[in-house]
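Chain and residue survey
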Amino acid sequence: MPLTLEKKQLLTGLTLSLMTVFFSSTVAAVGKHTSQEVHVSAIVLVQYGISFLFALPMVLRAGRSGLATSRPGLHLIRGVSGCACFYLFYLALSKISLVEATLLRSSAPLMVPLVIYLWYSQGVRKETWLPLVVGFLGVILVLKPGFAGLSLWHLLALLSGLGLAVSMVSTRALAQHEPQNRILFYYFSISLLVSLPFFLWHYQPIPISAWPGLLYMGVAIYLSFVMYTMAYRYVSAAVLAPISYFGVVFSGLLDWLIWDHIPDTLTLTGIAFVVMGGVLVVRHKQLPAPSSPG
């Protein structure tokens, strides 16, 4: 029985979303490995440098109109918050497990209603409070306060989720006024400029052995952004929302296969709570999507 156009679009959108999540998970795994060879600032700089080079031709083809923007402040917020998200995430990855760092960054949808409240003074709806409580309970279980499991690196991973939440809110605002190519160009440009001083401050030669991983991360992150955007041409954000949390599953598998790390019961329970809370927040349409690569 041939697939209908609607089913083909659904299948295409879900496939693109799954590929985005998988590529993002492999980037995190490679980043965790590479952070043992080079400083995090080098990882972030190379990642954004490669993405910038990919995004540049599309904007230049449009001429001055491709660069003209009426929202420079929003682009700045988007770039700084996105860069902070990756920087903090890679710092955390160098010290804690892949699945814990990924899960804490994936708490971003839970923080979005709070960011919207602080940014726009828009109150959190009553039906959103239960998902938020459920999700943050999951975060607490992963952090394990009082059980000697909490560390600075867990908090940095959680702060990377806050950076992602700010990035999500600013991206949503930009998408109402700016084309996707311009948003990506300014995001990569600003993030590259922000990451440069940190790289120079911590400068050390990058060993040849680290370059394959760095190049892979840059290309994969850019492809993730492209596929993430394409997925929304085929299906709604509400349908794609739960797919983003497969990143925790993929990270758990990579953590087990590469580092032989198996999450304990508290972490697994926390993962379930965070995923449940995040999906419910999006279902209540507090924000159109749960996460993006950054």
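Residues numbered from 1 in each chain as written. Predicted model: local features only at pLDDT ≥ 70, side-chain atom pairs only at ≥ 80, totals over all residues. Heavy atoms only, no water.

1. Things to note about the pattern of salt bridges
For the structure shown, the criterion picks out one salt bridge. For E178, the salt bridge goes to R182, with nearest N and O atoms at 2.5 Å. Relative accessible area serves as the criterion here: at 7%, E178 is assigned to the buried category. Residue classification places R182 among the buried positions, given a relative accessible area of 13%. (Salt bridge = Lys/Arg side-chain N within 4 Å of Asp/Glu carboxyl O. Buried < 20%, exposed > 50% of the residue type's maximum accessible area, 1.4 Å probe, protein only.)

2. Things to note about the confidence of the model for the protein chain
The predicted model of the protein chain averages 81 in pLDDT, with 83% of residues at 70 or higher. Taken element by element, the predicted model of the protein chain shows its lowest mean pLDDT in helix α11 (residues 237–240) (58) and its highest in helix α4 (residues 72–93) (92). Confidence over residues 286–291 falls short of pLDDT 50; this stretch has 31 contacts with residues more than four positions distant or in other chains. (pLDDT = per-residue confidence, 0-100. Helix = DSSP H or I, 4+ residues; strand = E, 2+ residues; numbered from the N terminus. Contact = heavy atoms within 4.5 Å.)

3. Comments concerning the packing of α4 against helix α9 (residues 180–201)
Look at α4 against α9: their axes get within 8 Å of each other, and the N-to-C directions meet at 55°. In terms of orientation, α4 lies oblique with respect to α9. Where α4 crosses over α9, the two elements pack in a sense that is right-handed. Packed against α4, whose contacting residues are H75, L76, R78, G79, V80, G82, C83, F86 and Y87, the element α9 presents R182, I183, Y186, Y187, I190, S191, V194, S195 and F198 at the interface. In the contact of α4 with α9, the residues fall into eleven nonpolar, five polar and two charged. (Axes fitted to C-alpha atoms, helices over the stretch in contact; angles between N-to-C directions. Parallel < 35°, antiparallel > 145°, perpendicular 65-115°, else oblique. Left-handed = near helix turned anticlockwise from the far one by under 90°. Nonpolar A, V, L, I, M, F, W, Y, C, P; charged D, E, K, R; others polar.)

4. Description of the environment of L193
Within the secondary structure layout, L193 lies in helix α9. When the C-alpha atoms of L193 and G49 are compared, they prove to be 9.4 Å apart, with 144 residues separating the residues in sequence.

5. Remarks on helix α12 (residues 246–259)
With 14 residues, α12 extends 19 Å between its outermost C-alpha atoms, agreeing within 8% with the 20 Å of an ideal straight helix rising 1.5 Å per residue. Within the sequence span of α12, burial applies to G247, V248, F250, S251, G252, L254 and D255. Residue D260 follows α12 closely and has a positive phi angle near 55°. (Expected span 1.5 Å × (residues − 1).)

6. A closer look at helix α2 (residues 40–61)
Along its 22 residues, α2 runs 33 Å from first to last C-alpha, staying within 8% of the 32 Å computed at 1.5 Å per residue. When the local axis directions of α2 are compared, the greatest deviation, roughly 30°, occurs at A55, which is followed within four positions by the proline P57. Two residues or fewer after α2 comes G63, characterised by a positive phi angle close to 70°. (Bend = angle between axes of the 7 residues up to and from the residue.)

7. So, unusual backbone geometry
Positive phi, close to 55°, is recorded for D260, a residue that is not glycine. Along the chain, D260 turns up in the loop between α12 and α13 (265–283).

8. Quick look at the nonpolar core
The tendency in soluble globular proteins is for nonpolar side chains to be buried as a group. Judged by nonpolar contacts, the single largest core of 58 residues is most densely connected at Y90, F188 and I206. Here the element with the most residues in this core is α2; it accounts for nine residues. Sequence-distant contacts of Y90, that is, excluding residues within four places in its chain, are made with V27, G31, V40, I43, V44, Q47 and M217. (Core = buried A, V, L, I, M, F, W, Y, C linked by side-chain atoms within 4.5 Å.)

9. Concerning the packing of aromatic side chains
Within the structure shown, the criterion is met by 16 aromatic pairs. Between Y48 and F86 the ring centres are 6.0 Å apart and the planes differ by 80°, which places this aromatic pair in the edge-to-face class. A residue pair is termed long-range when its members are at least 10 positions apart, and Y48 in helix α2 and F86 in helix α4 qualify at 38 residues. Judged by relative accessible area, which is 0%, Y48 ranks as buried. Aromatic pair F188 and F225: ring centres 5.5 Å apart, planes at 85°, arrangement edge-to-face. (Phe/Tyr/Trp six-rings, centres within 6.5 Å; stacked < 30°, edge-to-face > 60°.)

10. Details of the environment of F225
Mapping F225 onto the fold places it in helix α10 (residues 211–231). With 174 residues separating them along the chain, F225 and S51 place their C-alpha atoms 9.5 Å apart.

11. Notes on the packing of α2 against α4
Two numbers describe how α2 lies on α4: the axes approach to 9 Å, and their chain directions differ by 140°. In terms of their interaxial angle, α2 and α4 are classed as oblique. For α2 against α4, the interelement crossing comes out right-handed. Contacts between α2 and α4 involve V40, S41, I43, V44, Q47 and Y48 on the former and, on the latter, G82, C83, F86, Y87, Y90 and L91.

12. Observations regarding a nonpolar patch on the surface
Residues L18, F246, V249, L253, W256, L257, I258, W259 and I262 make up a contiguous nonpolar surface patch of roughly 870 Å² in combined accessible area. In terms of residues, the nonpolar patch owes the most to one element, α12, which gives seven residues. Mapped onto the fold, F246 is located in helix α12. A relative accessible area of 38% places F246 in the partly exposed class. (Patch = residues over 30% accessible without salt bridge, like charges linked within 9 Å, V, L, I, M, F, W, Y side chains within 5 Å. Areas by Shrake-Rupley, 256 points an atom, 1.4 Å probe, with all protein chains shown as cover.)

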